[in-house]
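These are the residues of each chain, in order.
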There are 2 protein chains.
Amino acid sequence: MDRENNFRNDNMDEGDIEDGESLGGKVPLLVKRVNTTSQIAVVGSNVCPIESLDYEIVENELFKQDWRARTKVQILQYVLLKWALALLIGVSTGLVGFFNNIAVENIAGFKLLITSNLMANKKYFQAFAAYAGCNVCLAVIAGALCAFIAPAAAGSGIPEVKAYLNGIDAYPMLAPSTLFVKIFGSVFGVSAGFVVGKEGPMVHTGACIASLLGQGGSRKYHLTWKWLRYFKNDRDRRDLITCGAAAGVAAAFRAPVGGVLFALEEAASWWRSSLLWRTFFTTAIVAIVLRGCIEYCEDEKCGLFGQGGLIMYDVSSALVKYSGWDVLAALFLGVIGGILGSLYNFLIDKCLRFYSIINGRGPYLKVLIVMTLSFLTSCCSFGLPWIVGCIACPDNLSESCPTVGGSGNYKSFQCQPGYYNDLASLFLNTNDDAIRNLLSTSTTNEFRITSLFIFFCAVFSLGIITYGIAIPSGLFIPVILAGSCYGRLVGTLLESLSRLDSGLFALLGAAAFLGGTMRMTVSLCVILLELTNDLLLLPLVMIVLLISKTVADNFNRGVYDMIVKIKGLPFLEAYAETYMRHLVAGDVVTGPLIMFSGIEKVGTIIHALQTTSHNGFPVIDEPPLTDSAELCGIVLRSHLLVLLKGKYFSPERVLAREETMRRYALLDFAKPGSGKGIKLEDLDITDEEMDMYLDLHPITNASPYTVVETMSLAKAAILFRQLGLRHMCVVPKSQGRPPIVGILTRHDFMPEHVLGLYPHLKSRK
Amino acid sequence: MDRENNFRNDNMDEGDIEDGESLGGKVPLLVKRVNTTSQIAVVGSNVCPIESLDYEIVENELFKQDWRARTKVQILQYVLLKWALALLIGVSTGLVGFFNNIAVENIAGFKLLITSNLMANKKYFQAFAAYAGCNVCLAVIAGALCAFIAPAAAGSGIPEVKAYLNGIDAYPMLAPSTLFVKIFGSVFGVSAGFVVGKEGPMVHTGACIASLLGQGGSRKYHLTWKWLRYFKNDRDRRDLITCGAAAGVAAAFRAPVGGVLFALEEAASWWRSSLLWRTFFTTAIVAIVLRGCIEYCEDEKCGLFGQGGLIMYDVSSALVKYSGWDVLAALFLGVIGGILGSLYNFLIDKCLRFYSIINGRGPYLKVLIVMTLSFLTSCCSFGLPWIVGCIACPDNLSESCPTVGGSGNYKSFQCQPGYYNDLASLFLNTNDDAIRNLLSTSTTNEFRITSLFIFFCAVFSLGIITYGIAIPSGLFIPVILAGSCYGRLVGTLLESLSRLDSGLFALLGAAAFLGGTMRMTVSLCVILLELTNDLLLLPLVMIVLLISKTVADNFNRGVYDMIVKIKGLPFLEAYAETYMRHLVAGDVVTGPLIMFSGIEKVGTIIHALQTTSHNGFPVIDEPPLTDSAELCGIVLRSHLLVLLKGKYFSPERVLAREETMRRYALLDFAKPGSGKGIKLEDLDITDEEMDMYLDLHPITNASPYTVVETMSLAKAAILFRQLGLRHMCVVPKSQGRPPIVGILTRHDFMPEHVLGLYPHLKSRK
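Everything numeric here is computed off the predicted structure, so don't read it as measured data.

Asker: Break down the relation of the copies chain B and chain A for me, citing the residues and quoting the values.
Answerer: By a simple turn and slide, chain B fits onto chain A: the slide is 0.0 Å along the axis, the RMSD is 0.0 Å, and the turn is 180°. Put plainly, the chains are arranged around a two-fold axis. The overlap is high: 100% of the interface residues of chain B also sit at the interface in chain A, so the same surface is used on both sides.

Asker: Describe the state of the cysteines, listing the residues and the values that go with them.
Answerer: In total, this model carries two disulfides over all chains according to the counting rule given. The disulfide partner of A:Cys390 is A:Cys415, and the S-S distance across this bridge is 2.0 Å. Because the torsion about its S-S bond is -95°, the bridge between A:Cys390 and A:Cys415 counts as left-handed. Taken as a pair, A:Cys390 in the loop between helix 12 (363-383) and strand 6 (391-392) and A:Cys415 in the loop between strand 6 and strand 7 (419-420) lie far apart in primary sequence, 25 residues in all. The exposure class of A:Cys390 is partly exposed, given its relative accessible area of 31%. A relative accessible area of 6% means that A:Cys415 is categorised as buried. Free of any disulfide, A:Cys137 has its nearest cysteine sulfur in A:Cys134, 6.9 Å distant. Free of any disulfide, B:Cys243 has its nearest neighbouring cysteine sulfur in B:Cys208, separated by 15 Å.

Asker: Break down unusual backbone geometry for me, citing the residues and quoting the values.
Answerer: The peptide bond linking A:Pro623 to A:Pro624 adopts the cis configuration, its omega dihedral lying at 10°. With respect to the element layout, A:Pro624 can be found in the loop between strand 10 (616-621) and strand 11 (630-636). In this model, B:Lys122 sits at a positive phi of 65°, which is unusual for a non-glycine residue. Residue position: B:Lys122 is located in the loop between helix 3 (72-120) and helix 4 (124-149). Although it is not a glycine, B:Phe413 adopts a positive phi angle of roughly 50°. Within the element layout of this structure, B:Phe413 appears in the loop between strand 6 (391-392) and strand 7 (419-420).

Asker: Go over the interface of chain B and chain A with me, naming the residues and quoting the values.
Answerer: The interface of chain B with chain A comprises 74 residues on the first partner and 74 residues on the second. In total, chain B and chain A occlude about 6600 Å² of area from one another, counting both sides; carbon and sulfur atoms represent 66% of this. Of all residues in chain B, B:Trp277, B:Arg581 and B:Gln735 bury the most surface against chain A, accounting for 11% of the area lost on that side. Linking chain B to chain A there are four salt bridges. The partner of A:Arg581 in a salt bridge is B:Glu59, with the nearest N and O atoms 2.4 Å apart. Contributing elements (two or more residues each) for the side of chain B that touches chain A: helix 2 (61-69), helix 9 (256-267), helix 10 (273-296), helix 18 (522-532), helix 19 (538-553), strand 11 (630-636), strand 13 (706-708) and helix 25 (713-723) of chain B.

Asker: If you had to explain the packing of aromatic side chains to someone new, which residues and values would you point to?
Answerer: Counted under the stated rule, the structure contains 57 aromatic pairs over all chains. Their ring planes at 65° and their centres at 5.5 Å tell us that A:Phe382 and A:Phe413 sit as a pair that is edge-to-face. Of this pair, A:Phe382 sits in helix 12 while A:Phe413 sits in the loop between strand 6 and strand 7, and the two are 31 residues apart along the sequence. Taken as a pair, A:Phe382 and A:Phe413 share a single burial class, namely buried. Taken together, the ring pairs in this structure connect A:Tyr124, A:Phe128, A:Tyr131, A:Phe375, A:Phe382, A:Trp386 and A:Phe413 into an aromatic cluster. Geometry around B:Trp277 places A:Lys549 over its ring, the cationic atom sitting 4.3 Å from the centre. The positively charged end of A:Arg581 is found above the aromatic ring belonging to B:Trp67, 5.2 Å away from the centroid.

Asker: Pulling in residues and values, what's your account of helix 21 (residues 602-611) of chain A?
Answerer: At 3.6 residues per turn, the α-helix brings residues three or four places apart onto the same side. Taking burial as the measure, the 10 residues of helix 21 of chain A include seven buried ones, the bulk of the element. Those residues of helix 21 of chain A that are buried are in contact with strand 8 (596-597), strand 9 (599-601), strand 10, helix 22 (637-646), helix 24 (687-690) and strand 12 (693-695) of chain A.

Asker: Quick rundown of the sheet that holds strand 13 (residues 706-708) of chain A? Include the residues and the values.
Answerer: Residues and elements named next belong to chain A. Pairing in this open sheet of three strands is mixed, and the strands run 13-14-15 from one edge to the other. Both edges of this open sheet fall to strand 13 and strand 15 (742-744), since each of them pairs with a single strand only. Averaged over all neighbouring strand pairs, the angle between strand axes comes to 35°, with direction disregarded. In the sheet, strand 14 (residues 728-731) pairs with strand 15 via three bridges, with the strands oriented antiparallel. Counterpart to Cys-729 in the pairing with strand 15 is Ile-743.

Asker: How would you explain the nonpolar core if you had to name every residue and give the values?
Answerer: A:Phe476 and B:Phe476 are the most contacted members of the largest nonpolar core, which totals 330 residues. Once residues lying within four places of it in the same chain are set aside, the contact partners of B:Phe476 are B:Ile158, B:Glu199, B:Phe253, B:Phe262, B:Leu514, B:Met518, B:Met520, B:Leu524 and B:Tyr560. Counting 57 residues, the second largest nonpolar core, distinct from the first, contains A:Ala714, A:Ala716, B:Ala576 and B:Leu725.

Asker: Quick rundown of a nonpolar patch on the surface? Include the residues and the values.
Answerer: Residue and element names in this part refer to chain A. On the surface, a nonpolar cluster with roughly 460 Å² of combined accessible area is contributed by Phe-148, Ile-149, Phe-180 and Tyr-364. Mapped onto the elements of the fold, Tyr-364 is located in helix 12. With a relative accessible area of 66%, Tyr-364 lands in the exposed category.

Asker: Lay out the side chain of A:Ser425 with the relevant residues and their values.
Answerer: Residue and element names in this part refer to chain A. One can find Ser-425 in helix 13 (residues 422-427). At a separation of 3.0 Å, a polar atom in the side chain of Ser-425 contacts the main-chain carbonyl oxygen of Asn-421. Non-local contacts of Ser-425, meaning those with residues more than four positions away in its chain, are made with Asn-409, Tyr-410, Lys-411, Tyr-420, Asn-437 and Phe-447.

The rules behind the values
Counting from 1, residues in each chain are numbered in the order their sequence is written. Chains and ligands are labelled by the order in which they are written, letters from A for the one and numbers from 1 for the other. The predicted origin of the model limits local features to residues at a pLDDT of at least 70 and limits the giving and counting of side-chain atom pairs to 80 or more, whereas totals for whole chains, interfaces and linings rest on all residues. Water and hydrogen atoms play no part in the side-chain values, which are based on all heavy atoms of the structure. Alignment of copies: least-squares fit on C-alpha atoms of residues with pLDDT of at least 70 in both copies. Whether two residues touch is decided by their heavy atoms; if any such pair falls within 4.5 Å, the residues are in contact. The definition used for a disulfide is geometric: two cysteine sulfur atoms within 2.5 Å. Helical segments are the DSSP runs of H or I of at least four residues, strand segments are the runs of E of at least two, and each set is numbered from the N terminus. Burial here depends on accessible area, computed with a 1.4 Å probe over protein chains only, as a share of the maximum for the residue type. Under 20% is buried, over 50% is exposed, and the range in between is partly exposed. By buried area we mean how much accessible surface two parts lose on assembly, using a 1.4 Å probe and totalling the loss over both. A pairing counts as a salt bridge when a side-chain nitrogen of Lys or Arg comes within 4 Å of a carboxyl oxygen of Asp or Glu. Within 6.5 Å between ring centres, the rings of Phe, Tyr and Trp (the latter by its six-membered ring) count as paired, and their orientation is classed by plane angle as stacked under 30 degrees, edge-to-face over 60, tilted in between. Here, over-ring charges are defined by two tests on the NZ atom of lysine or the CZ atom of arginine: distance to the ring centre within 6 Å, and angle to the ring normal within 35 degrees. We call two strands paired when DSSP finds no fewer than two bridges between them. Orientation is described by lines fitted to C-alpha atoms, with helices fitted over the stretch in contact, and by angles between N-to-C directions that extend from 0 to 180 degrees. In this text, buried Ala, Val, Leu, Ile, Met, Phe, Trp, Tyr and Cys residues form a nonpolar core when linked through side-chain atoms within 4.5 Å. Note on patches: the residues involved have over 30% relative accessible area and no salt bridge, like charges join within 9 Å, and the nonpolar side chains Val, Leu, Ile, Met, Phe, Trp and Tyr join within 5 Å. A 1.4 Å probe and the Shrake-Rupley method give the accessible areas. Residues count as covered only by the protein chains that appear here. Definition of a polar contact: a pair of N or O atoms within 3.5 Å, with one able to donate and the other able to accept a hydrogen when the atoms are protein atoms, and with sequence-neighbouring residues admitted only if both atoms are side-chain atoms.

Printed below as a string of structure tokens:
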């Protein structure tokens, strides 16, 4: 929370009072602050400046010219390119997802094989050394990648993607280095046996791939593609990244429909029908790529990659037939799941705040923490199974007991032949296999209550303390792991009362936990449906999800919303806060407003760009150009920089529309890749040029969205949010005043800002 | 198309030039037309006036007072009531859906049983008489219900629901009588053997139930519920009706997730996250109710209601394993399916226009057409199977051949024992059973190519000519029927090339046809998934849907969009048309603008209400109340009528804010049920009162959304559509002019209106 308050203070410093006169412009620089850009936020484990995105179409004269000249062929090319990019995103995300799975299965499988071989020879100490050693080494690689190369790759990544799709960009969030570390960091992190998932990172990976493709590659790494310059605007990129996020979920869970719904329900802030269709196409491609890869890997072509590779928990063999009692049991499961889920969120929040202090102390400490936690996890995984004794293998099994080789339900561990250790079957497996064991049906007495309880406590705590360290760490798997263990525990306890299989109980438990932490409904439901291939359980899963979400919503917010808040990202909610109905738009306009005249002196512009970090400046036309002062529109900093760089100035205050339109094309003003573009320092303006004039009309967005100062703040907020704006003009109600009162940006709608100005409204919150 | 032009002319008549002076008000009635209300549209097969809905929160002083006084308990009650209503909608729609199924299964089953018994005794003529007689009788009941009681119940109903959710209300659309006829008309129509479905009608039924519950019952039928007065606004009703539409799909297909997605992708124009959740809850309830009912009906408790009751085509027994060739075959299927689907739409369009002429000639002719078509359908169903010969029953069947009793794959018809008639198995069955037969797997040679071809041609034509007659008729089933037949035909033809089962081909064919006509993607995919319980085919279904939609989109629009257009409903698209970028908001403002002063003479208001049908009037404050004329806000006709009825007038031009606020509560201005509310004729104003004054401030929405007249029309359209407005104020750019230029309504953004004003832009379309 400190950071958020900090950045408000930073702004205040920027708002130095300008002396309009000294600049000699005809239009005085009014002493009002407008919009500020450079806020900071924590991305991954790094602090970096954030920038708002602009989804408004800048309808300036260049745009209109370009629009008129656009041919049918160009439009078709543009549409085809969109689909081609969706295809590319689908293929690459699918391949990356598959690579991730193969790598994890092979690395972790090899590690577990060594351990179990040593255990079989009763070399317990060596086994532990090998197990913990492998884990620590893998963890250090993941941690070092993350700490030294791309700190933004730490954590789940879903909050970052969510923030981007809400209109907040922070440069390294979707950078190529982040993509690299996210892929490899996730592989090593998951292989190291941490209680983390690869699902969140896959979503982030999908978004990074989409961003990279949409920017036409990376100029830094000399990978550019000329065609893609048409995508140099925030709207198209947002669409691509939505597709990327959906593709990530689809690749992680092999759930194409679930991926689309995830993008719709959780990730995206804006949505439209055509996007639904394109997202759907992307995830269909992912599904096909994955299917192809899996078919290729049949017959053990891909090393230890087996069934477990792409999780698919088939519970359809269980008889699904439930009575009123089972529904009651599900309700109970949902209520407790909701409470535990919100507790999980609460603890994650505390833990993240603690880690954010430590992570600020440098990369070496980050790696040290990763090492420590890896060792702790190894101790838990290897030590706890000793507490419980061995159980005799059940009769009539289709699979061998104890398990031979990699994954399986019956790990021998320290037991003599014919016996197995149920806790080791959960701990000494990959997370995916542990979940499969918990969800396995028709194996009612396989896990003892004590073992389930110990495992639940361990993964619940480990999941919480692992999130926040410097490795890519998804939240889905820890939550599903804890949830399914909890569900199976309840199922085993209620065995005498309910007809449902304990594997199905485990599924409902996972649903309850997911609902309690992530607060999604439809998308989780479809993901679980696609994971388990069981439609008949659907109504029960729906009810459990709804109950647990409702219960948990009474305590705190969803885990991703919470993380967005901790990271200090100014997320705009879709609804207006209650207290906003008591205010009007004019109430929250603060700071000095800097305006330009339609034909402005170069010096004035340069000064304004130097002394503020505003991104949009209102342009005013005044007599003699018009009868009275009127708002011409808004001009963007980036467009001004392009115009200044072109140096087409005139010594007199004259219109230079035609000439400007001839010299520039719309593409010159296209938005460059995130973190790139012309900088103010790149300009080289002579003193002579400083006194010349620049006609801003051709680049002024003549149709900015405006609200009257007496408009209710709630309505203004809804307008701002629904249309995805970056700047909104506030105009005066009565005549005879300057034609603009101020500009509202994202930050002006943030609760911290509004309640900071009007603290007495806090009680109405 | 004639109708649309008609209603534009109607408006022009309404816009009689008012002589402002003669009314004696201080504010002149400017000679500019504003917003008109009474348009007409074809709803069902009836012509009726339409009204726009208003999703904006009317932030007048009464609202603010009410908002301030709102307690936490009241808010909680409101939230709980929303959920309770969702529950009620779910339960009632589920029960209605189940009743519908039981009724159809029993009536149609009984009819088919009589026919097959007579056939078995070689009484062919009697069999035909019984079959055709039953059909015609049932058809006449359905047609008479529809023609005489509720013409609005004819057709699918999905276009009407779609239009309502886009903000267009036409009174009988969701009236109780429509609900009644929709339920029973659908039962009789489907039982009569028409090639129509009960899915569209179920969606309409769900929406009607939601509307009825949301309006607090029907005052006409003395079914009111006091509590529900809190829902007397368009926003809450829209949400309820969205839930109702989703519940309808969920009940029709037993597809709860598909229902939510249908509501999201096809039905709703506005969406928000909390609605997703509530819709999901409603469909979960529907699923549970249906499950309970089906369990109750086990062991033949419900007459002839059997497996076929709630369609569920389980193809999961087929081995799903496909190679590149199969994918190619699927692509081919998709392309041809898309072409045939768009042809279907084209013919439906022609057919509907033809019927709309006949249907205008009175109810008796409507019933006659229904009779004729019913007889024609009977002739086809009974006659065509004679063309093809009998086939010997295959060996090793698990079911009996020929089929004994109701539904089954092997109808004996005219054949001798041990033989069956494959075409009769398709024709002399309910539509649901015919689809199940077509989708049945591992029955490759069951249907001959000739039979499939005849059946395809018959259902393709019958489906088209049946839609538009005066019975509730869904489009899903005809399309699925034709599509699955087409798929199976292709599957049988490609048998030597493809490894896929012909049942799976039938499924893909259904997907291709659905994609080609309805142009939905994700929701259809999930509905098919939930119908067939086969996840492994998902990627192939997705690809087929995408291809067929893409192909068909090149020819015409989706069938529902097309019907909305034929019906003359002014549907607002989510995107702005290209030519709108060449215009500004001021360009489309037409007609006389009637404004009121903040404190207005009663006579002026009455006159304005009498002579126009406008629904919103701008209110202007002028000196001495303010320094210069300024826009105070917008006042609604319905609110004016309430205030006039209250007769709190003052003889002088004075503010009467406090007194008005004391005398009225916000609820007095709540929107009454559709088609109700105070009428102008109900008012009884004396001549003396006509000269008195009324303070409009307390009921004026002081925060109307405004655009500057130079705002690009495209941007204004997006603002209008995104925020779900009914009125948008256009304000002047320069100072010193009246504070409002005009008001834009839904009709001003219609292509017909804009292109009527600027015909030269047609080429840019």
